[in-house]
Amino acid sequence: MPRFAFWDEGTPDSRNRLSLNDTDKEYRMDRPMLEFYQYKDSELSSHLLSQLNGLRQERIFTDVLLCSDSEEIPCHRTVLVSSSPYFRAMFCSNFRERQQTRVDLKGISASILGDIVDYVYTGSVTITMEMVLPLMQAASMLQYPRLFEACSAFLQGQLSPDNCLSMVRLSEILHCASLREKAREMAVQSFSDVAASEDFRELPLPELMCYLEDDRLCAEEEQVFETLLAWIHHDPFYRRGAIHDLFKKVRLRYIHPTYLFQFIANDPLIQSSTLCTEIIESVRRLMLSVSAQWPGDLGPPWVAPRRYTCRETLVVVGGRKNGEQTSREALLYDERTQRWQRLAKLPVRLYRAAYVCIHSILYVLGGLTMGIGGGTVSADVYTLSLKTNQWRVAEPMRRPRYAHQSISYMHFIFVLGGIGPEKRISGAVERYNSMFDLWEPMAPMPTPVLHPAVAAVDQRIYVFGGEDAMQNPVRMIQVYHITRNLWSRLETRTVKNVCAPAVTMEGKIYIIGGYTRRVIAYDTKANKFVKCKNMKERRMHHAATVIDNKLYVTGGRYITSNDVIEDSDAFECYDPNTDAWTCKGTLPYKLFDHGSLPLFCVSNKPHPP
């Protein structure tokens, strides 16, 4: 085989003779040969459709006429068969249409049929409100599922509280699951507006029951009750017999006792139903016995969980701000945006007040009000509801006090200890009964202490540590038996906390810091302490609360490595499942001696993942 030679055109001294084999070898080293090349023409399918549509419009190779309302639309069988199972069965099976060149499609107007044929040949269609329903029906009949869902998406875009119930009924007629789900979602999320509509008052009983038992219903339970009353009163002769079945859908546990026993219990419709009055009396007995166990035969109205739209939200209130004067600020933390929002300010500045939440209402109790000539110990009580974002004056405590502790349990608020007008540490205990809007004295603490950690579980209140009048730590657990109104004491060397909060989480009581980094969990049944992951700094005068089984700690004061006390704006979270702390950012300002509470609010926005 002949060999070819190439000459280098460089200088005569540097001429090199290269063979073809050598050149080919160098080329292969620089650019390896490809074994294959996959080419895909992204425009071919659309180009092909365009050409087929042109052939159809010129009636070239068309072999069937689709007819409606005396109009004829020429088409290619192969295109129709390829686009729809309906036409595949028509033209590829032993139906008479297989032999026909003219096919009548009954129940579809000529204009809608033309739109569908245009869609088949172009992949495009313009949907309007005037033609969406016949187009949707035709798409269902001719088995074009993507066109059917496009119509559904168009209707979903027209949803509003005024028409969502009608859309639910329409979706059932059309057997459209996607439209039905979106329309139901609109109905439960905009329940206040929907419940006021004529469509809602005309709902049949089974459909109303489905809405009232939906966990996604965006409404407080008081509104659920008022809605079912309005539905019954729309046609009382035929509907009043449904009161018991409907009343069982109201989640009584989350209704304020005053509303339940003064408004609901006295409603004529409720009083006309023996079964309804039995449910209310069972609730009354349960609350009077301070038991968390509901009688087995009437369980559902009590044990049903909160609806998904009732979202726990962290609220921080009061305290000492930036090391200066006592704050009137109240802040709400939005988990979705991870930002703090300002709520209505407290009516007065209160030094070392107590903070507690019950029935989704924030209570600020007592405190020291500073004025000209010194401070005044207060017995006043202020409440805040997120629904109105307004502060109200509530029934005052029996005794003025500050630097005291408060805890809620069932429908009670307990206030323990503190300092009274005589400037001495007090062991006095009183409780607020929300059933009767009444404060009443209870058995005093055996050992008065300041700044203990307090938590409640299993019909008992636990008071851990604190300090005596000489500011000495008290190594003791004092236990108050709520149903018996009795105290007991337990000496322990493990307890040595001052100015530390305590919370109850999954049956255990967590004590967080208190001039230490230590976090311990107390198992009340086993009477055993378990050590948890430490905080980063020695912390005191901070606040803690539980949301979604996670512990949130805000603000406080901490001791630096140089034993200097600094104010903190820290915002941290502890997960007991992983025994780990994570930083959630910071408060808008440095804060201590404040309240940190979980408040439920109704939101029609989806929960964060």
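Residues numbered from 1 in each chain as written. Predicted model: local features only at pLDDT ≥ 70, side-chain atom pairs only at ≥ 80, totals over all residues. Heavy atoms only, no water.

Caption draft 1: Focus on the overall build of the protein chain. The helix and strand tally for the protein chain stands at 19 helices and 34 strands. Computed over C-alpha atoms, the radius of gyration of the protein chain comes to 37 Å, more than 25% over the 25 Å expected from 2.2 N^0.38 for 609 residues, which places it beyond the range of a compact globule. Dimensions along the principal axes, computed over C-alpha positions, put the protein chain at roughly 110 × 105 × 50 Å. Among the 609 residues that make up the protein chain, the fraction classed as buried is 48%. Put simply, of all contacts in the protein chain between residues at least 6 apart along the chain, 52% involve residues at least 24 apart. One finds the centroid of the 71 positive side-chain charges in the protein chain at a distance of 8 Å from the centroid of its 70 negative side-chain charges. (Helix = DSSP H or I, 4+ residues; strand = E, 2+ residues; numbered from the N terminus. Rg over C-alpha atoms; globule rule 2.2 N^0.38 Å. Buried < 20%, exposed > 50% of the residue type's maximum accessible area, 1.4 Å probe, protein only. Contact = heavy atoms within 4.5 Å. Lys, Arg positive; Asp, Glu negative; His and termini not counted. Charge placed at Lys NZ, Arg CZ, Asp CG, Glu CD.)

Caption draft 2: Representation of the state of the cysteines in the model. For the coordinates displayed, the defined rule picks out zero disulfides. No disulfide involves C210; its nearest neighbouring cysteine sulfur is the one of C164, lying 15 Å away. The closest cysteine sulfur to the non-disulfide-bonded C310 is located on C218, 8.0 Å from its own sulfur. With relative accessibility at 14%, the residue C310 sits in the buried group. (Disulfide = S-S within 2.5 Å.)

Caption draft 3: Focus on the sheet that holds strand β34 (residues 595-602). Read across the open sheet, the four strands follow the order β9-β8-β6-β34; overall the sheet is antiparallel. Here the strands that pair on one side only, and so sit at the sheet edges, are β9 (339-342) and β34. Adjacent strand axes in the sheet meet at a mean angle of 35°, parallel and antiparallel pairs treated alike. Of the pairings in the sheet, the one linking strand β6 (residues 310-317) to strand β8 (residues 330-334) comprises four bridges and is antiparallel in character. Bridge assignment links V315 to a residue of β8, and that residue is L332. (Pairing = 2+ DSSP bridges. Axes fitted to C-alpha atoms, helices over the stretch in contact; angles between N-to-C directions.)

Caption draft 4: Expanded view of helix α9 (residues 177-189). When the terminal C-alpha atoms of α9 are compared, their 18 Å separation across 13 residues agrees well with the 18 Å that a helix rising 1.5 Å per residue should span. Turning to α9, its buried residues are L179, A183, R184, A187 and V188. Along the axis of α9, the buried positions cluster into a sector of 160°, meaning they face one direction only. Considering only its buried residues, α9 is in contact with α7 (145-157), α8 (164-174), α10 (191-195) and α12 (205-212). (Expected span 1.5 Å × (residues − 1). Arc of directions from axis to C-beta.)

Caption draft 5: Representation of the UniProt feature "domain: BTB" (unreviewed entry) in the protein chain in the model. As annotated in UniProt, the feature "domain: BTB" (unreviewed entry) corresponds to residues 62-129 in the numbering used here. The span residues 62-129 shows a helical share of 41% and a strand share of 19%, and its end C-alpha atoms are spaced 32 Å apart. (UniProt positions renumbered as here; feature names shortened; annotations may be inferred.)

Caption draft 6: Seen up close, the pairing of strand β14 (residues 405-409). By the bridge criterion, five bridges tie β14 to strand β15 (residues 412-416) in an arrangement that is antiparallel. Across the sheet, residue S406 finds its bridge partner in β15, namely V415.

Caption draft 7: Expanded view of the packing of helix α13 (residues 221-234) against helix α16 (residues 257-264). For the pair α13 and α16, the least separation of the axes is 11 Å and the interaxial angle reads 20°. What the angle tells us is that α13 and α16 run roughly parallel. The hand of the α13/α16 crossing is right-handed. Mapping the contact onto sequence places E222, F225 and E226 in α13 and Y259, F263 and I264 in α16. Split by residue class, the contact of α13 with α16 holds four nonpolar, no polar and two charged. (Parallel < 35°, antiparallel > 145°, perpendicular 65-115°, else oblique. Left-handed = near helix turned anticlockwise from the far one by under 90°. Nonpolar A, V, L, I, M, F, W, Y, C, P; charged D, E, K, R; others polar.)

Caption draft 8: Main features of the pattern of salt bridges. One pass over the full model with this rule turns up 26 salt bridges. Here K584 ties to E335 by a salt bridge, and the two come within 3.2 Å at their closest N and O atoms. With K584 in strand β32 (residues 580-586) and E335 in the loop between β8 and β9, this residue pair connects regions lying 249 residues apart in the sequence. On the accessibility criterion, E335 (28% relative accessible area) is partly exposed. Here D593 makes a salt bridge to R352, at a shortest N to O gap of 3.3 Å. Highlighted residues: D593 in the loop between β33 (591-592) and β34 and R352 in the loop between β9 and β10 (354-358), separated in sequence by 241 residues. The network of salt bridges with common partners includes E181, R184, D214 and R216. (Salt bridge = Lys/Arg side-chain N within 4 Å of Asp/Glu carboxyl O.)

Caption draft 9: Spotlight on the environment of Y363. Topologically, Y363 is positioned in strand β11 (residues 361-371). Between the C-alpha atoms of Y363 and S406, which are 43 residues apart in sequence, the distance is 9.7 Å. Every residue in contact with Y363, bar those within four places of it in the chain, is listed here: H256, A354, Y355, V356, I358, V381, Y382, T383, I413 and Y432.

Caption draft 10: Representation of the sheet that holds strand β16 (residues 429-433) within the structure. Strand order in the open sheet made by the four strands is β14-β15-β16-β17, with antiparallel pairing throughout. With partners counted over all chains shown, the strands left at the sheet margins are β14 and β17 (438-442), one partner each. Each strand axis lies, on average, 25° off the axis of its neighbour in the sheet, ignoring direction.

Caption draft 11: View of unusual backbone geometry. A positive phi angle, near 55°, is found at M410, a position not held by glycine. By secondary structure assignment, the location of M410 is in the loop between β14 and β15. Overall, M410 belongs to the partly exposed group, its relative accessible area being 23%. Phi angles above zero are rare outside glycine, and D548 is one such case at about 55°. By the secondary structure assignment, D548 is in the loop between β27 (543-547) and β28 (550-554). Taking the relative accessible area as the measure of exposure, D548 reaches 61% and is therefore exposed.

Caption draft 12: Representation of a nonpolar patch on the surface within the structure. Judged by side-chain polarity, L288, F436 and L438 come together as a nonpolar surface patch covering roughly 300 Å² of accessible area. Relative to the assigned elements, L288 resides in helix α18 (residues 274-289). (Patch = residues over 30% accessible without salt bridge, like charges linked within 9 Å, V, L, I, M, F, W, Y side chains within 5 Å. Areas by Shrake-Rupley, 256 points an atom, 1.4 Å probe, with all protein chains shown as cover.)

Caption draft 13: Region of the structure containing the packing of helix α6 (residues 132-141) against α7. Contact geometry for α6 and α7: axes closest at 8 Å, N-to-C directions at 150°. By the criterion of interaxial angle, the relationship of α6 to α7 is roughly antiparallel. For the crossing formed where α6 meets α7, the hand is left-handed. Contacts from V132, L133, L135, M136, A139 and S140 in α6 reach L147, F148, C151, S152, F154 and L155 in α7. Residue composition of the contact of α6 with α7, by class: 10 nonpolar, two polar and no charged.

Caption draft 14: The arrangement of the side chain of H541 in detail. With respect to the helices, strands and loops of the structure, H541 is situated in the loop between β26 (538-540) and β27. Only 2.8 Å separates the side chain of H541 from the side chain of D593, close enough to count as a polar contact. Apart from the residues lying within four places of it in its own chain, the contact partners of H541 are R352, C499, Y515, G556, R557, F592, D593 and H594. (Polar contact = N/O pair within 3.5 Å; in protein donor to acceptor, adjacent residues only side chain to side chain.)

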